[in-house]
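Analysis of the macromolecular model
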Amino acid sequence: MIDIGSGPALLFLHAFPLNSEMWRPQAAAFADRFRIVAPDIRGFGSGASRVDPWSFDDVREDLFGLLDALGIERCTLIGLSMGGYLAFHFLKAHAERVERFVAADTRARSDNDPEKAGRDGMIAALQSRGHAALAERMIPKLLSSTPEAAVLTGVRKLIDQTSANSAIHALTAMRNREDSSQVPGQIQCPALVIVGQQDLVTRVEEARQLAASIAGSRLVEIPRAGHLSSLEAPDAFNAALAAFLG
Ligand code: MLT
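Definitions and limits used
Residues numbered from 1 in each chain as written. Predicted model: local features only at pLDDT ≥ 70, side-chain atom pairs only at ≥ 80, totals over all residues. Heavy atoms only, no water. Helix = DSSP H or I, 4+ residues; strand = E, 2+ residues; numbered from the N terminus. Contact = heavy atoms within 4.5 Å. Phe/Tyr/Trp six-rings, centres within 6.5 Å; stacked < 30°, edge-to-face > 60°. Near = heavy atom within 4 Å. Polar contact = N/O pair within 3.5 Å; in protein donor to acceptor, adjacent residues only side chain to side chain. 1 Å grid on protein atoms, 1.4 Å probe; cavity = no way out; pocket = protein on both sides within 12 Å on 5 of 7 lines; lining within 4 Å. Sits in = over half its atoms within 2 Å of the grid points. Nonpolar A, V, L, I, M, F, W, Y, C, P; charged D, E, K, R; others polar. Buried < 20%, exposed > 50% of the residue type's maximum accessible area, 1.4 Å probe, protein only. Core = buried A, V, L, I, M, F, W, Y, C linked by side-chain atoms within 4.5 Å. Points joined across faces, edges and corners; volume = space filled by probe spheres on them. Arc of directions from axis to C-beta. Axes fitted to C-alpha atoms, helices over the stretch in contact; angles between N-to-C directions.

**Some remarks on the environment of Arg175**
Among the structural elements, Arg175 can be located in helix α7 (residues 164–175). Note: C-alpha distance between Arg175 and Ser55 (120 residues apart in sequence) is 9.9 Å. The contacts of Arg175, once residues within four sequence positions are left out, are Asp111, Lys116, Arg119 and Asp120.

**A closer look at the packing of aromatic side chains**
Enumeration over the complete set of coordinates arrives at 6 aromatic pairs. Their ring planes at 40° and their centres at 4.7 Å tell us that Phe12 and Trp23 sit as a pair that is tilted. Here Trp23 lies in the loop between β2 (9–13) and α1 (24–30) and Phe12 lies in strand β2, a separation of 11 residues in the sequence. Ring geometry for Phe30 versus Phe34: centroids 6.2 Å apart, planes at 65°, classification edge-to-face.

**Some thoughts on the site of the ligand**
Every residue near the ligand is listed here: Ala15, Phe16, Ser81, Met82, Tyr85, Arg119, Met138, Leu142 and His227. Here an oxygen atom of the ligand sits 2.9 Å away from a polar atom, N or O, in the side chain of His227. The cavity that encloses the ligand is the largest pocket. Of the residues contributing to the shell around the ligand, the split by class is 6 nonpolar, 2 polar and 1 charged.

**Points about helix α5 (residues 132–142)**
Among the residues of α5, those classed as buried are Ala133, Leu134, Ala135, Met138, Ile139 and Leu142. The inward-facing, buried residues of α5 abut α4 (113–129), α6 (149–160), α7 and α9 (229–232).

**Some remarks on the nonpolar core**
Counting residues in each nonpolar core, the largest one holds 88 residues, and the members touching the most others are Phe16, Trp54, Met82, Phe101 and Val155. Apart from the residues lying within four places of it in its own chain, the contact partners of Phe16 are Phe44, Met82, Met122, Leu134, Met138, Leu142, Ala167, Ala170, Leu171 and Met174.

**Quick word on the layout of surface pockets**
Which parts of space are left empty comes out when a probe the size of a water molecule is rolled across the atoms. Here the largest pocket is characterised by a volume of approximately 340 Å³. Residue assignment for the lining of the largest pocket shows that the elements contributing at least two residues are α3 (82–94), α4, α5 and α7. Grouping the constituent residues of the lining of the largest pocket by class yields 10 nonpolar, 3 polar and 5 charged.

**Overview of empty space enclosed by the protein**
Throughout the structure, instances matching the rule amount to 1 cavity of 30 Å³ or more. Estimated volume of the largest cavity: approximately 40 Å³. What lines the largest cavity is Phe56, Tyr85, His89, Arg107, Ala108, Arg109, Arg177, Glu178 and Ser180. Looking at side-chain class alone, the lining of the largest cavity contains 3 nonpolar, 2 polar and 4 charged residues.

**Some remarks on helix α8 (residues 204–213)**
All buried positions along α8 are accounted for by Val204, Ala207, Leu210 and Ala211. The buried side chains of α8 occupy one side of the element, clustering within an arc of 115° when seen end-on. Pointing more than 90 degrees away from the buried face of α8 are the exposed residues Gln209 and Ala212. Buried residues in α8 make contact with α3, β5 (98–104), β6 (191–196) and β7 (218–222).

**A short note on the packing of α4 against α5**
As a packed pair, α4 and α5 sit with axes 8 Å apart at the nearest point and diverge in direction by 145°. Counted together, Gly121, Met122, Ala125, Leu126 and Arg129 of α4 and Ala132, Ala133, Leu134, Glu136, Arg137 and Met138 of α5 form the full contact between these two elements. Residues of the contact of α4 with α5, tallied by class, amount to 7 nonpolar, 1 polar and 3 charged.

In short, the description is geometric, and any link to function would need to be established separately.
This is the structure we're talking about:
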């Protein structure tokens, strides 16, 4: 978990199967003006001791409790991919705690049938082959076709910190998550949608549709970045975020 800096709070929710450390480039860029809070979702990073299955409702209430515990009344909520799915779920119940919203490389809808089948296949691979299946199956989906070596190494290192068991719980929670398709149309706070132009998980066209469904939102498409746009193109991601935060 990251909690550094002071000022208005930025709450960053990480992608699967990484952890809060993926937000270091943003913490470095914004901690001089903002309080950077990046929790570890159950089972990831400093939350690795949480070995039980979880649901999106559980994590939504973890986040609500965290804001209370840290004395944060309202935050800018920033979620990338799985973090974005969780952010939409949080907004549905606790919109009053969110003063600005950033949806990066993510979507509001739940999994469709082929995506659910994909989760089942991944869970089966983790059960039969263990942790090795995680990086092998995920890395090609997470980065652009030509990632920098340091980015690739960094992502692999974060994935290696995630156990097969934790990955299975997260995949199950994502598979079973409620649809939040109605949430974008209800968002009343300022919103930013970011997408890597080479995102293979949430494609640019889907991000455009998401931005079109949030009244008054901005869309930023990041060149030469895949799904993990904040890690692969941190300067462009941070510039988009800085312009949005003002
Ligand atoms: C993520 O980056 O969080 C995952 O790729 C999301 C997913 O598998 O749907």
